[in-house]
Amino acid sequence: MRRRTFLHISTSISAVAATGLVARPAAAAGPRPRLIVAADGSGDHATVQAAIDAVPSGNASAFVIGVRPGTYLGQVIVPKDKPLIELRGLGRRPEDVVIADDRANGTLKPDGTTWGTSGSASVTIDGAGLRATNLTFANLFDEAAHPEITGRQAVAVLTRADKLVFDRVRFLGNQDTLYVNSSAAGVVARAYFRDCYVEGDVDFIFGRATAVFERCRIHSLNRSSTPAGYVTAPSTDITNPYGLLFARCRFTSDAPAGTVFLGRPWHPSNDPNAIGQTIIRESAIGAHIPATAWSDFGTWPWREARFAEYRNYGPGAIASEDRPQLTAAEAAEHTPTTFLRGSDNWAPHLCR
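Definitions and limits used
- Residues numbered from 1 in each chain as written.
- Predicted model: local features only at pLDDT ≥ 70, side-chain atom pairs only at ≥ 80, totals over all residues.
- Heavy atoms only, no water.
- Helix = DSSP H or I, 4+ residues; strand = E, 2+ residues; numbered from the N terminus.
- Rg over C-alpha atoms; globule rule 2.2 N^0.38 Å.
- Buried < 20%, exposed > 50% of the residue type's maximum accessible area, 1.4 Å probe, protein only.
- Areas by Shrake-Rupley, 256 points an atom, 1.4 Å probe, with all protein chains shown as cover.
- Contact = heavy atoms within 4.5 Å.
- Core = buried A, V, L, I, M, F, W, Y, C linked by side-chain atoms within 4.5 Å.
- Pairing = 2+ DSSP bridges.
- Axes fitted to C-alpha atoms, helices over the stretch in contact; angles between N-to-C directions.
- Phe/Tyr/Trp six-rings, centres within 6.5 Å; stacked < 30°, edge-to-face > 60°.
- Lys NZ or Arg CZ within 6 Å of the ring centre and 35° of its normal.

1. A word on the overall build of the protein chain
When its secondary structure is counted, the protein chain shows 6 helices and 23 strands. The C-alpha radius of gyration of the protein chain comes to 19 Å, within 12% of the 20 Å expected for a compact globule of 352 residues. Each principal axis of the C-alpha atoms in the protein chain carries an extent, and together these give about 60 × 50 × 40 Å. A burial count over the protein chain gives 55% of its 352 residues as buried. Summing over all exposed atoms, the protein chain offers an accessible surface of approximately 13,700 Å²; the carbon and sulfur share of this is 54%.

Printed below as a string of structure tokens:
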């Protein structure tokens, strides 16, 4: 088991080349922040949550919160009545600003009950239209240091709102790092991830949201077990034609060859209508992915889910009967545009 420590969060992937994220001057990021968060007290607020609390309820226009370099510990919640917030890291790199917490599913609350998977999230986003740029979200829960805790799902970010954008953001954790969800089954919530880095080991990108990952690096940690992990665990509702889409991404790992699955179908509470979708297209697949790239989840067979690939390449893109492929016509219907468009023609991927 790979131990997760604060040292790992702050330094282990510190080289820009390691993440594929490109440093850009903060001044070029857009409108000036209306509030500044600084851990040393030099800004308007010392914590991210305090700045979010200061945003007017029912905010009707973009509200930029600039976060100066530093590490900000503690759970962050963006409520439903505070839409259109932008969290902008003011460092040169995403590594310079870290927003983190350290609780897991099985961590005890003060009242003796456990937090559960959703409650473990370092950051929970219920406010629509949020944008995050040039920063890191992490869950610091250290599995090796807490063998007494068996519920090890530890979410870095939980999304439940619509029209979210993450640009040059790192998501760090082990099990269940990034929970892309919606407010209720059957409700569509869209999220767009551009030039991001996501790492974890078990089901570390999961949920029922419509989520597009474009030019992202998806890194599987080595659990030192067999299997070494699962990348996705979608629970897309049967009424939603669009689940998880990875376009022009890189799937990497330090795990041994052929030990990590691209995904398995998650049926929360054994919901038969959760027919998960993961589509990976025109992406580089590392050798950690085997010829049979998908896995059953308990009694739920992967072949009944909506798993497919299209024109992937690399040592893990192995031609096999167990690797469903989109036709050219199907690929034309499974693009970032079709996934994100909705009834309002939302197109964040066209804005550079």
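Don't stop here, the text continues.
2. Considerations on the environment of Asp-254
Among the structural elements, Asp-254 can be located in the loop between strand S19 (250-253) and strand S20 (260-263). When its relative accessible area of 54% is taken as the criterion, Asp-254 is described as exposed. Distance in space between the C-alpha atoms of Asp-254 and Ser-220 is 7.2 Å, their sequence separation being 34 residues.

3. Side note on unusual backbone geometry
The peptide bond linking Thr-226 to Pro-227 adopts the cis configuration, its omega dihedral lying at -5 degrees. Inspection of the secondary structure assignment puts Pro-227 in the loop between strand S16 (217-220) and strand S17 (229-234). For Asp-176, which is not glycine, the phi torsion reads 65 degrees and is therefore positive. For Asp-176, the location among the structural elements is in the loop between strand S10 (164-172) and strand S11 (178-180).

4. Overview of the side chain of Thr-117
On the secondary structure map, Thr-117 appears in helix H4 (residues 116-119). Sequence-distant contacts of Thr-117, that is, excluding residues within four places in its chain, are made with Asn-105, Gln-153, Val-155, Asp-176, Tyr-179 and Phe-206.

5. Overview of the nonpolar core
Among the nonpolar cores identified, the biggest contains 58 residues, and Ile-65, Phe-137, Phe-166, Phe-171, Phe-193 and Phe-213 are the most heavily contacted of them. No other element matches S10, which puts 4 residues into this core. When sequence neighbours within four positions are dropped, the list of residues in contact with Phe-166 reads Ile-125, Leu-130, Ala-132, Phe-137, Thr-159, Phe-171, Tyr-192, Phe-193, Arg-194 and Cys-196. Among the nonpolar cores identified, the runner-up in size contains 12 residues, and Tyr-192, Val-212, Ile-279 and Leu-326 belong to it.

6. Topic: the sheet that holds S11
Pairing in this open sheet of 7 strands is parallel, and the strands run S4-S7-S9-S11-S14-S17-S20 from one edge to the other. The sheet is open, and its two borders are formed by strand S4 (76-78) and S20, each paired with just one other strand. Between one strand and the next, the sheet's axes are offset by a mean angle of 10 degrees, whatever the strand orientation. As paired elements, strand S14 (residues 202-207) and S17 share 4 bridges and run parallel to each other. Its bridge partner being in S17, Val-202 is matched across the sheet by Tyr-230.

7. Digging into the packing of aromatic side chains
The tally for this structure, following the rule as stated, stands at 13 aromatic pairs. Plain terms: the ring middles of Phe-213 and Phe-246 are 4.7 Å apart, the flat faces sit at 10 degrees to each other, and that makes the pair stacked. Of this pair, Phe-213 sits in strand S15 (residues 210-214) while Phe-246 sits in strand S18 (residues 244-247), and the two are 33 residues apart along the sequence. Like Phe-213, the residue Phe-246 is buried in the burial classification. Here the aromatic cluster, defined as three or more aromatic residues joined through ring pairs, consists of Phe-137, Phe-166, Phe-171, Phe-193, Phe-213, Phe-246 and Phe-251. Sitting above the plane of the Phe-297 ring, Arg-264 keeps its charged end 3.8 Å from the centroid.

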